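Per-entry structural report
Residue strings, one per chain:
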Amino acid sequence: MLKKRGAGVLLHISSLPSPYGVGVFDENARHFIDRISDMGFTYWQVLPFNPIDASNSPYCSASAFAGNYLFIDPEGLKNMGLIDEEDVRANTYSGSPYTADFEFASKTRLKTLKKAFLQTDEKLAKEIKDFELENPWLTDYALYMAIKEEENLKPWWEWSDEHAHYYTAVKSIFNYEEKAAFWKFVQYIFFKQWKEIKKYARKKGVAVIGDMPIYVAMDSADVWSNLPMFLIDEKTLKVEKVAGVPPDYFSKDGQLWGNPIYDWKAMKKDGYSWWISRLSHALKTFDTVRIDHFRAFASYWAVPAESETAKTGEWLDGPKMDLFNKVFEVFGKDAPIIAEDLGTFGEDVIELLDESGFPGMKVIQFGFDPNSDSSHLPHNAVPNSVNYVGTHDNNTILGWLWEASEDERKFALDYCHFKDGYWGDGGYHSKSCRAVTEAVWQSASNVAIITLQDMCGFGSDARMNIPGVAEKNWRFRTTRETIDSIDGDYFRHINALYRRMYPAFEEKE
């Protein structure tokens, strides 16, 4: 995997069609798999599965291990005999099919899951217990969620002393057994439904590329239950420095993420066990994993906690190959990992990528500088890389063309051999979007990825995320009609023409 020429489509679960406000693990997911498999695609790339934050971002989550319960299919709960048809209808959304309504989905899905939980019988309870034994992270996560409910959803450092410190809270774990049992039930259902979707994708020869945010949220089960592994004062529960990135392509002030920073010295002492557990879970959930902000393993941008922007900060050394040598001991040298090596970086990142052997990322939009020979231009790509028409953080190709300077646009169109027609035309047969796509497909990169939005020739109103902007992101959603309207013959043709058409698995199971 990742060693042969292939192609993939980037579309998150929340963006799938569904009658429930956001996409879920239902027959619409299977239909999407059918469509991309028929077009000769090898990969389906998704965004992180973790629970989302108040801005609906999956990159700042209450758990690095847990799944987002919004993706649970109500119809699947009914098929298990846990709810009835009336409960399914209560989850039905009447708003726009083009926008993910996380607020509606959160309210209805949680209510439905609480009702379904009451139907847990002895057989299901045993299955959940077995699942917990196979996933040790679940015990702490469920306890964290149970206490958080009792503490009126406040962040853990504002909890009572007994609860704020994990080692005292865990002594009273049996007091929260019933509330914690609900969250164990939710995670069991989530991963049970996803396992069925992943199994279906495998039958169709499609491998799933997952996404792992490098950092975790301060208000998370991970930080609360593993405090010594983070640079946090264990008495005051305050951080001195937080994560972010300096000013770059996406933001003139940089991006102040605010995540706590790992204590790499402490992590090294126990053999990076938390990271090994996290990667093990991710590689069980997905076929391949993209690690977001990979460059922080080489060196990371640390910002004083009181700073208002990410402009003020310093580069500090990450664990480098010390961590990945341990990863290779456990998962082998061919561990299916993609390194997101974008953004500001120096020789240390290049060296780490070379030593690890992981494929890095290329994004053609970053290469459209008429005054440079960017490494992101397809002619500079190496086979051991993943080449993107655009990522979830980029504008769509059509949106970029409209918003680029005249010089940038002219260079991009010339580079991609766009000759006939009007560059500003979008839609399923957009010639400018196809020209850019084919430039990526012709690259030497083993893997080429396109977003569903660019397959459709959509404008900037369909982009998934604007980095550094907290509001109105992550809401793109598509319809079944849109998926069916994509020109399958065209993508089947370029996948075959540029030798990217092959199933992800040698034998379909």
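Structure first, text after, so check above.
The following refers to the structure shown. It should be emphasised that the depicted structure is a prediction, and the values quoted were computed from it without experimental measurement.

**Side note on the nonpolar core**
Judged by nonpolar contacts, the single largest core of 169 residues is most densely connected at Phe41, Trp44, Phe185, Trp275, Phe297, Phe324 and Trp441. When residues of this core are assigned to their parent elements, the largest contribution, twelve residues, is made by helix α9 (residues 177-203). When sequence neighbours within four positions are dropped, the list of residues in contact with phenylalanine 324 reads Phe294, Phe297, Leu352 and Phe358.

**Quick look at helix α13 (residues 321-331)**
Within the sequence span of α13, burial applies to Met321, Leu323, Phe324, Val327 and Phe328. The buried residues of α13 occupy an angular sector of 145° when projected down its axis, which confines them to one face. Elements that come into contact with the buried residues of α13 comprise α11 (264-269), α12 (273-285), β9 (337-339) and α14 (347-356). Looking one or two residues beyond α13, the residue adopting positive phi is glycine 332, at roughly 90°.

**With respect to a negative patch on the surface**
There is a patch of like negative charges on the surface, built from Glu347, Glu351, Asp354 and Glu355. Tracing the backbone shows glutamate 355 in helix α14.

**Structural notes on unusual backbone geometry**
Non-glycine residue leucine 237 carries a positive phi angle of around 60°. Tracing the backbone shows leucine 237 in the loop between α10 (221-225) and β4 (241-245). You will see that histidine 417, though not glycine, has its phi angle at about 60°, which is positive. Note that histidine 417 resides in the loop between α17 (406-415) and α18 (431-441). Overall, histidine 417 belongs to the exposed group, its relative accessible area being 58%.

**Concerning the pattern of salt bridges**
Here the idea is simple: oppositely charged side chains can pair when their charged atoms come close. Following the criterion strictly, the structure yields 25 salt bridges and no others. Two residues, lysine 184 and glutamate 132, come together in a salt bridge whose shortest N-O distance is 3.1 Å. Placement of the pair is lysine 184 in helix α9 and glutamate 132 in helix α5 (residues 122-134), with a sequence separation of 52 residues. The closest approach of N and O atoms between glutamate 329 and lysine 326, which form a salt bridge, is 3.4 Å. Of the two residues, glutamate 329 and lysine 326 both sit in helix α13, three residues apart, roughly one turn of that helix. The exposure class of lysine 326 is partly exposed, given its relative accessible area of 26%.

**With respect to a positive patch on the surface**
A cluster of basic residues, Lys195, Lys199, Lys203 and Lys284, forms a positive patch on the protein surface. When residues in the positive patch are grouped by element, the largest group, three residues, is from α9. You can call lysine 203 partly exposed: its relative accessible area is 43%.

**Looking at α9**
Taking 1.5 Å per residue, 27 residues should reach 39 Å; α9 reaches 39 Å between its end C-alpha atoms and fits that length. Directly after α9, the chain includes glycine 205, whose backbone phi takes a positive value near 75°.

**Digging into the layout of surface pockets**
Quantified by volume, the second largest pocket comes out at close to 720 Å³. Lining of the second largest pocket is provided by 23 residues; of these, Pro51, Ile52, Tyr69, Ser106 and Met145 occupy positions nearest its centre. Of all the secondary structure elements, the ones that give two or more residues to the lining of the second largest pocket are α4 (102-117) and α6 (137-150). For the lining of the second largest pocket, a count of residues per class yields 13 nonpolar, four polar and six charged.

**Some thoughts on the packing of α13 against α14**
Viewed as axis vectors pointing N to C, α13 and α14 meet at an angle of 15°, and their least axial separation amounts to 11 Å. Viewed along their axes, α13 and α14 adopt a mutual orientation that is roughly parallel. The interaxial crossing formed by α13 with α14 has right-handed handedness. Residues Met321, Phe324 and Phe328 of α13 form the contact with α14, whose participating residues are Leu352, Glu355 and Ser356. Taken together, the residues that form the contact of α13 with α14 break down as four nonpolar, one polar and one charged.

**A short note on the packing of α12 against α13**
For the pair α12 and α13, the least separation of the axes is 11 Å and the interaxial angle reads 50°. When the axes of α12 and α13 are compared, the pair comes out oblique. In this structure, the crossing between α12 and α13 has a hand that is right-handed. Two secondary-structure elements touch here, α12 through Trp275, Ile276, Leu279, Ser280 and Leu283 and α13 through Leu323, Lys326, Val327, Val330 and Phe331. Counted by class, the contact of α12 with α13 contains eight nonpolar, one polar and one charged residues.

Rules behind the numbers
Within any chain, residue numbers begin from 1 and follow the written order of that chain's sequence. Totals for whole chains, interfaces and linings use every residue, but because this is a predicted model, local features are given only for residues with pLDDT of at least 70 and side-chain atom pairs only at 80 or more, for both listing and counting. Remark: hydrogens and water are excluded; side-chain values derive from all non-hydrogen atoms of the structure. Working definition of a nonpolar core: buried Ala, Val, Leu, Ile, Met, Phe, Trp, Tyr and Cys residues. They are joined through side-chain atoms within 4.5 Å. When accessible area is computed with a 1.4 Å probe and restricted to protein chains, residues below 20% of their type maximum are described as buried, those above 50% as exposed, and intermediate ones as partly exposed. Strands are runs of DSSP state E lasting at least two residues, helices are runs of H or I lasting at least four, and both sets are numbered from the N terminus onward. Contacts are assigned to residue pairs with any non-hydrogen atoms lying within 4.5 Å of each other. Directions drawn from the helix axis to the C-beta atoms are what define this arc. Residues enter patches when they are more than 30% accessible in relative terms and free of salt bridges; like-charged ones are connected within 9 Å and nonpolar ones (Val, Leu, Ile, Met, Phe, Trp, Tyr) within 5 Å. Using a 1.4 Å probe, accessible areas were evaluated by the Shrake-Rupley method; residue-level cover was limited to the displayed protein chains. Salt-bridge detection follows one rule: a side-chain nitrogen of Lys or Arg within 4 Å of a carboxyl oxygen of Asp or Glu. When charges are counted, Lys and Arg contribute as positive and Asp and Glu as negative, whereas His and the chain ends are disregarded. For the purpose of locating charges, the reference atoms are NZ of Lys, CZ of Arg, CG of Asp and CD of Glu. To estimate how far a helix should extend, the number of its residues minus one is multiplied by 1.5 Å. The distinction between a cavity and a pocket rests on a 1 Å grid over the protein atoms alone: a 1.4 Å probe fits inside a cavity but cannot get out, while a pocket stays open yet meets protein on both sides within 12 Å along at least five of seven lines, and a residue with an atom within 4 Å of a point counts as lining. Grid points are joined across faces, edges and corners, and a volume is the space filled by probe spheres set on the points. Residue classes follow a fixed rule: Ala, Val, Leu, Ile, Met, Phe, Trp, Tyr, Cys and Pro count as nonpolar, while Asp, Glu, Lys and Arg count as charged, and any other residue, Gly among them, counts as polar. The convention used is that axes are lines fitted to C-alpha atoms, helices contributing only their stretch in contact, and that angles between N-to-C directions extend from 0 to 180 degrees. Roughly parallel covers angles under 35 degrees, roughly antiparallel covers those over 145, roughly perpendicular covers 65 to 115, and oblique covers all other angles. Less than a right angle of anticlockwise turn of the near helix away from the far helix marks a crossing as left-handed, whereas a clockwise turn marks it as right-handed.

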